[in-house]
Amino acid sequence: PRLLSQFFFADERVTRVVAEINGLDAELDPQQYLVLLNQLHLSQAHLLAILERIMEECIPTQRHSRDYLVKFPEELLVDNLGNHMLFAAECLLAGTFLEVEEADGAQLRPQARNLLCSLELVRTVLREQSLSQPGSYPEPVRAVLIQFDRLFAEFELSYVSSLVAVKSPEEIYRQQEIIVLFCETVERALRLGYLTQEMIDGYEPLLMFTIPRLAIISGLLIYPEGPLSLDQSPEQMSRVFSPFYNLLKKIRDLLWVLSLEELCLLERTLCTAE
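Predicted model only: the values in this text are computed from it and were never measured. Per chain, residues are indexed from 1 in the order of the written sequence. This being a predicted model, a pLDDT of at least 70 is required before a residue's local features are given, and a value of 80 or more before pairs of side-chain atoms are given or counted; all residues contribute to the totals for chains, interfaces and linings. Side-chain numbers come from the whole structure's heavy atoms, not from hydrogens or water.

Trainee: Explanation requested: the domain arrangement of the protein in the structure shown.
Mentor: How big an interface is tends to be reported as the loss of accessible area on association of its parts. Where each domain starts and ends follows an automatic or database-derived domain assignment. According to the domain assignment, the protein consists of domain 1 (3-163) and domain 2 (169-271). Using C-alpha coordinates to define each centre, domain 1 is positioned 43 Å away from domain 2.

Trainee: Looking at this structure, I do not really get the environment of Q147. What am I missing?
Mentor: Each helix is a run of H or I in the DSSP string that is no shorter than four residues. Each strand is a run of E no shorter than two, and both are numbered from the N terminus. Mapped onto the secondary structure, Q147 falls in helix α5 (residues 139-163). On a C-alpha basis, the gap between Q147 and H64 in space is 9.1 Å, while along the polypeptide they are 83 residues apart. Among all residues touching Q147, those that are not within four sequence positions of it are S118 and L121. The criterion used for residue contact is that any of the two residues' heavy atoms lie within 4.5 Å.

Trainee: Just to check I follow, could you spell out the packing of aromatic side chains for this structure?
Mentor: Aromatic rings considered in pairs are described by the distance between their centres and by the relative angle of their planes. Stacked, tilted and edge-to-face are the three classes applied to pairs of Phe, Tyr and Trp rings, where Trp contributes its six-membered ring and a pair requires centres within 6.5 Å; stacked means planes under 30 degrees apart, edge-to-face means over 60, and tilted covers the rest. Applying the stated rule across the entire model yields 3 aromatic pairs. Plain terms: the ring middles of F8 and F9 are 5.4 Å apart, the flat faces sit at 85° to each other, and that makes the pair edge-to-face. Residue classification places F9 among the exposed residues on the basis of a relative accessible area of 61%. Buried, partly exposed and exposed residues are distinguished by accessible area as a fraction of the type maximum, computed with a 1.4 Å probe on protein chains only: under 20%, between the cut-offs, and over 50%, respectively.

Trainee: Just to check I follow, could you spell out the pattern of salt bridges for this structure?
Mentor: When the charged atoms of two side chains with opposite charge come close together, those side chains can pair. For this document, the term salt bridge refers to a Lys or Arg side-chain nitrogen within 4 Å of an Asp or Glu carboxyl oxygen. Tallied over the full model, the rule gives 11 salt bridges. Among the salt bridges present, the one from R63 reaches E52, with a minimum N-O distance of 3.1 Å. Within this pair, whereas R63 is found in the loop between α2 (30-58) and α3 (81-93), its partner E52 is found in helix α2, the two being separated by 11 residues in sequence. You can call R63 buried: its relative accessible area is 17%. Overall, the relative accessible area of 34% leaves E52 in the partly exposed class. The salt bridge partner of R252 is D253, with a shortest N-O separation of 3.8 Å.

Trainee: Before we go on, may I ask you to explain unusual backbone geometry in this structure?
Mentor: Peptide bonds are trans in most cases, and residues, glycine excluded, mostly fall at negative phi. One non-glycine residue, Y203, lies in positive phi territory at about 50°. Relative to the helices and strands, Y203 resides in the loop between α7 (197-201) and α8 (207-222). Assessed through its relative accessible area of 72%, Y203 is described here as exposed.

Trainee: I'm lost on the nonpolar core in this one. Help?
Mentor: A general tendency of soluble globular proteins is for nonpolar side chains to be buried together. The definition of a nonpolar core used throughout is a set of buried Ala, Val, Leu, Ile, Met, Phe, Trp, Tyr and Cys residues joined through side-chain atoms within 4.5 Å. Membership of the largest hydrophobic core comes to 45 residues, with the highest contact counts inside it found for L51, I54, L126, L145, F148, F155 and Y159. With 10 residues, α5 is the largest single contributor of residues to this core. Excluding its chain neighbours within four sequence positions, the residues that come into contact with I54 are L3, L4, F7, I59, L126, Y137 and L145. Among the nonpolar cores identified, the runner-up in size contains 14 residues, and L181, A215, L228 and L255 belong to it.

Dropping the structure here:
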């Protein structure tokens, strides 16, 4: 059950697969080569997962900040992101630029080299520790883990930033405004009886349509200075709504001519129509 013991066997697995790949002629047996690459990918992912648990146990208050993750596009925030970063670093060090421009890759190579060297040091230190005292983390072990954690975070941010346009602080703030708008919309809908707490607690599927619809009305009429303010240009709006700027103006113009009774009827209808 000890994490260091788990790390030892996971590390042995990675070493064994790498040895098999190095001893194989990929041109003579391409199918077996692909099988071994997949095994390497899985074994490295397992090794990194254990290493993550070790760092949480050993240096929980000294981890490098991962606040930058909120800047990443949602589609990149997957469970195997760390393993993908490790693969990217290995490719860069080998001079292969699979996802980035050659100029960006050249700038990232020193970071990739430092990261992979740090990982090798971590593997060596943790193997030795697992064979001597698998239940403790002395200061030298903590030091190499802190260094690896920092280098990994720095490379992750730099690499992803070279791939995609990470969110600016302004865009993050706009998304936070949308979250607030949705929360206030739900609170108002509960107060007016459009929704029930039971629907929310039970994750009623209809809410996926109802809440955004009500939020648009709230953002255009009740909180006109919020994230749906049409006094600003499309470029100043969140990317969630900016493509629909002209449509939102048409919706607002239609809402303005409704009476209070008609608006209530519309909102109740939006809560039932799929």
